[in-house]
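Notes for the structure review
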Amino acid sequence: MYTEAFGRASYLVSRSRGKKSTVSKALFIPLSVLEMEVEHLNKRDLHRIKETRICFPLNDVCCDPVKNVLALFLSEVLFRVVKDTEPDPRLFDYLYESIHLLEYADKGIANFHMVFLLGLLHHLGIFPNMESHRVGYYFDMLNGVFTDHIPMHRHYLNKVESAFFSRLLRISFENMSLYGFSRQERARIIHRILEYYRLHLPDFPEIKSLSVMQSLFD
C-alpha cells in the first residue's frame with residue numbers, strides 16, 4: 001500500500017472471519033482508499049493492521065466495467081513505479097484526489113488513465129520539458145526534451161507525432177472530456193507513454209493488465 005505517513009509499506013491482513021473483525025479483506029480492492037490504525041515497527045518488512053475504515057466507497061469503480069479495469073491497470077502501474085518508503089505528501093494527495101475523481105467522474109473516463117499517467121510523471125520527476133517545444137521539433141523520448149534535429153538514437157517521435165504529443169501534454173482531469181481519440185489512437189498513446197516510463201524508470205516491466213484494458217475498449 002502507499003501510505004501518507006510511511007510511503008510504500010506492506011501489511012499483513014488477518015484471516016479472521018468473525019463478525020467482530022476490524023479488518024475486512026473485502027476492503028482491499030485495487031485503488032481502495034483506507035484509513036488505518038497500524039502497528040508499524042521500523043525493523044519489520046511486514047506490518048500489522050489493527051483497524052481499518054474505508055474513506056469513501058468505490059461503488060462505480062467496482063460496478064462500472066470501464067472504471068474497474070482502469071483501476072486494475074493503474075494499480076499495477078503504481079505497484080511497479082512507486083517504491084519509495086519515505087512519505088511524499090504531494091504524491092499521496094495526487095493519488096487520493098485522482099481516485100476520488102475516478103469514482104465520481106462521468107465524462108471523459110476513457111481518457112482518465114492517460115491523464116493520470118502523464119500527471120504522475122510530475123511526481124516521479126520525469127515530466128517532459130515543455131519549454132523546449134517549438135513548432136516542427138522532434139520529441140527526444142530518451143532525454144525528455146523537444147529538439148530541432150533527429151536524435152542519434154531510435155527513441156524519438158517524428159514531427160507529426162511530436163506535435164500531437166505536445167498537445168496531449170496539456171490534457172488534464174478538468175478538460176479530458178474535450179479530447180476525442182479513436183481506439184487506435186488511444187492504444188498508440190498508451191504504448192508511447194509506457195515506453196517513456198520504461199526509458200526513464202529502471203526495471204519497468206510489461207504491464208499485464210494493459211491487454212485486458214484494451215480488449216475492453218475494443
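Residues numbered from 1 in each chain as written. Predicted model: local features only at pLDDT ≥ 70, side-chain atom pairs only at ≥ 80, totals over all residues. Heavy atoms only, no water.

The protein chain is annotated in an unreviewed UniProt entry as DNA repair protein RecO from Parabacteroides distasonis. The UniProt entry for the protein chain carries the following comment under Sequence similarities (unreviewed entry): "Belongs to the RecO family." (UniProt positions renumbered as here; feature names shortened; annotations may be inferred.)

**Here's the deal with the pairing of strand β4 (residues 34-39)**
Two faces belong to every sheet, and in a regular strand the side chains alternate between them. Both β4 and strand β5 (residues 46-54) contribute to a ladder of 6 bridges, which runs antiparallel. Bridge assignment links Leu 34 to a residue of β5, and that residue is Ile 54. Connecting the antiparallel pair β4 and β5 is a turn made up of 6 residues. (Pairing = 2+ DSSP bridges. Helix = DSSP H or I, 4+ residues; strand = E, 2+ residues; numbered from the N terminus.)

**Some thoughts on the environment of Met 130**
Looking at the element boundaries, Met 130 is found in the loop between α4 (112-124) and β6 (138-140). Overall, the relative accessible area of 24% leaves Met 130 in the partly exposed class. Separated by 62 residues in sequence, Met 130 and Arg 192 place their C-alpha atoms 17 Å apart. Filtering out sequence-adjacent residues up to four positions away, Met 130 remains in contact with Phe 146, Ser 166, Leu 169 and Arg 170. (Buried < 20%, exposed > 50% of the residue type's maximum accessible area, 1.4 Å probe, protein only. Contact = heavy atoms within 4.5 Å.)

**Let's talk about the side chain of Ser 75**
Looking at the secondary structure, you find Ser 75 in helix α2 (residues 65-81). Separated by 2.9 Å, the side chain of Ser 75 and the backbone oxygen of Leu 72 make a polar contact. Discounting chain neighbours no more than four positions away, the residues touching Ser 75 are Pro 30 and Leu 31. (Polar contact = N/O pair within 3.5 Å; in protein donor to acceptor, adjacent residues only side chain to side chain.)

**Focus on the nonpolar core**
One finds Phe 73, Phe 116, Leu 117 and Tyr 197 to be the most contacted residues of the largest nonpolar core, which totals 54 residues. Going through the elements one at a time, α2, α3 (89-104), α4, α5 (159-168), α6 (183-200) and α7 (209-217) are the ones with two or more residues in this core. With residues up to four places along the chain from it excluded, the contact list for Tyr 197 reads Val 81, Leu 117, Leu 120, Leu 121, Leu 124 and Phe 204. (Core = buried A, V, L, I, M, F, W, Y, C linked by side-chain atoms within 4.5 Å.)

**Comments concerning the pattern of salt bridges**
Inspection of every chain in the model, using the stated rule, returns 6 salt bridges. Residues Arg 44 and Glu 39 are paired through a salt bridge, measuring 2.8 Å at the closest nitrogen-oxygen approach. One salt bridge in this structure joins Asp 60 and Lys 67, with 3.2 Å as the shortest N-O distance. Residues joined in a network through salt bridges with shared partners are Glu 35, Glu 51 and Arg 53. (Salt bridge = Lys/Arg side-chain N within 4 Å of Asp/Glu carboxyl O.)

**Remarks on the packing of aromatic side chains**
This structure, assessed with the given rule, holds 12 aromatic pairs. Between Phe 112 and Phe 116 the ring centres are 6.4 Å apart and the planes differ by 20°, which places this aromatic pair in the stacked class. Taken together, the residues span about one helical turn, with Phe 112 and Phe 116 both in helix α4 at a distance of 4 residues. Residue class for Phe 112 comes out buried when judged on its relative accessible area of 1%. Given the relative accessible area of 3%, Phe 116 is considered buried. (Phe/Tyr/Trp six-rings, centres within 6.5 Å; stacked < 30°, edge-to-face > 60°.)

**Quick notes on the sheet that holds strand β8 (residues 156-157)**
Taken in spatial order, the 3 strands of this open sheet run β7-β6-β8, and their pairing is antiparallel. Of all the strands in the sheet, the pair left with one neighbour each is β7 (145-147) and β8. Relative to β7, β6 is paired through 3 bridges, and the arrangement is antiparallel. Within β7, the residue paired with Asp 140 across the bridge is Val 145.

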